[in-house]
Amino acid sequence: MKNLCFLVILLGISGFTYSQKLDGGLFAGLSTSQVDGDGQQGFNMSGFNLGFFTQIDIGKKSNLRLELAFLQKGAKEPVNDSTGCGNCFKLKLNYIEVPIVYILNWKDLAFEVGLGADILVSKKESNISGNFDSDVNYKPISMMVLFGVTYNFSENWGITLRTNHSVTPISDVVAAGQKPSITALGGYGMRNDVLTFALVYKFNK
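Calculation criteria
Residues numbered from 1 in each chain as written. Predicted model: local features only at pLDDT ≥ 70, side-chain atom pairs only at ≥ 80, totals over all residues. Heavy atoms only, no water. Buried < 20%, exposed > 50% of the residue type's maximum accessible area, 1.4 Å probe, protein only. Helix = DSSP H or I, 4+ residues; strand = E, 2+ residues; numbered from the N terminus. Pairing = 2+ DSSP bridges.

**Some points on the pairing of strand E3 (residues 62-76)**
In terms of residue burial, E3 counts as a mostly covered element, since 12 of its 15 residues are buried. In this structure, strand E2 (residues 45-57) lies alongside E3, joined through 9 bridges in antiparallel fashion. The residue of E3 that forms the bridge with Phe53 is Glu67. The antiparallel hairpin formed by E2 and E3 contains 4 residues in its connecting segment. The sheet contact formed by E3 and strand E4 (residues 90-106) spans 13 bridges and is antiparallel. If you follow Leu64 over to E4, its bridge partner there is Tyr102.

**Thoughts on the pairing of strand E7 (residues 141-152)**
When strand E5 (residues 109-127) meets E7, the two strands line up antiparallel, connected through 11 bridges. The partner of Glu112 across the bridge, within E7, is Gly148. Bridge analysis of E7 against strand E8 (residues 157-166) gives 9 bridges, and the strand direction is antiparallel. Within E8, the residue paired with Val149 across the bridge is Leu161. In textbook terms, the turn of a hairpin is the stretch between consecutive antiparallel strands, and for E7 and E8 this stretch comprises 4 residues.

Quick look at the structure:
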């Protein structure tokens, strides 16, 4: 219920900013991810990344942007040439992501850094035997940070590459013998590492 109220407030903010005739746009693309601390390795889990944004100019070469996005994260056991995928473990985490992003524009490039909230919508765990529910409790809300760059190849269109990391743990549990490479706020715990690619369309003012 708290998550739903949070989303309603954010949608209201986005609607207000559009009514003020600020810049806005849409983006859609793909993600590839891993979960640091789960015992798997590699950005093997693929998913979708889509949403919309509104932004305001805060200088001649910079903008401040509010985004609302659906982003799939998770982990997937890598395939070994000799043994296959072993237990074929797969974790899919579906998030609503709400970052505030600072953008610095330079020629056709835009450099981005942002901080925001990840709201867990659903999760799905599976292995070679099918779907199952583990004892791992994934947090309903966590914090994330992003870094990215956008190449604007026209007035309205651009291509964005980003890296996205959990600032706070997505779970207090870690796999046996595992310790995340970076201590997140709130202590050790599993965290998301994500790479995203997206095509961006900006509305005309």
